[in-house]
Amino acid sequence: MKNVLVVDDDRGTLQVASRALLSLKDLSVVTAENGALATKILQDQPVDLVVTDLQMPVMGGYQLLAYLSERHPSL
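Below you will find a few notes about this structure. (Residues numbered from 1 in each chain as written. Predicted model: local features only at pLDDT ≥ 70, side-chain atom pairs only at ≥ 80, totals over all residues. Heavy atoms only, no water.)

Moving on, we come to the overall build of the protein. Counting its secondary structure elements, the protein contains 3 helices and 3 strands. Tracing the protein from N to C terminus, the helices and strands come up as β-α-β-α-β-α. Rg of the C-alpha trace for the protein: 12 Å, near the compact-globule value of 11 Å for 75 residues, within the 12% margin. With the C-alpha coordinates of the protein rotated into their principal frame, the extents come out at 30 × 25 × 15 Å. (Helix = DSSP H or I, 4+ residues; strand = E, 2+ residues; numbered from the N terminus. Rg over C-alpha atoms; globule rule 2.2 N^0.38 Å.)

Now the structure itself:
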């Protein structure tokens, strides 16, 4: 089973994206409301794919992408 992390500050978008991804076989979906929460999730569990919004409070998508590039280059 593959793990997908969806990051967006809009709860409606998180719900829609999660439902769409869960309709696919062999996917598990985890959500985060900003990049800072996403980094905590990435430290605690394996993730195969990250789908992120770019403009978010606390830690935006561009900062998250820089974090991923540095610490999780395979994502």
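Still more ground to cover, so stick around.
We now examine unusual backbone geometry. Here D26, not a glycine, exhibits a phi torsion of approximately 60°, which is positive. Tracing the chain through its elements places D26 in the loop between α1 (11-22) and β2 (27-32). Residues other than glycine seldom take positive phi values, yet V58 does so here, at roughly 70°. Inspection of the secondary structure assignment puts V58 in the loop between β3 (49-52) and α3 (61-71).

For α1, which comprises 12 residues, the first-to-last C-alpha distance of 16 Å matches the rise-based estimate of 16 Å (1.5 Å per residue) to within 8%. Buried within α1 are the following residues: L14, S18 and L21. Within α1, the buried residues cover an arc of 70° as seen down the axis, which keeps them to one side. Away from its buried face by more than 90 degrees, α1 exposes V16 and R19. The inward-facing, buried residues of α1 abut β1 (2-7) and β2. (Expected span 1.5 Å × (residues − 1). Buried < 20%, exposed > 50% of the residue type's maximum accessible area, 1.4 Å probe, protein only. Arc of directions from axis to C-beta. Contact = heavy atoms within 4.5 Å.)

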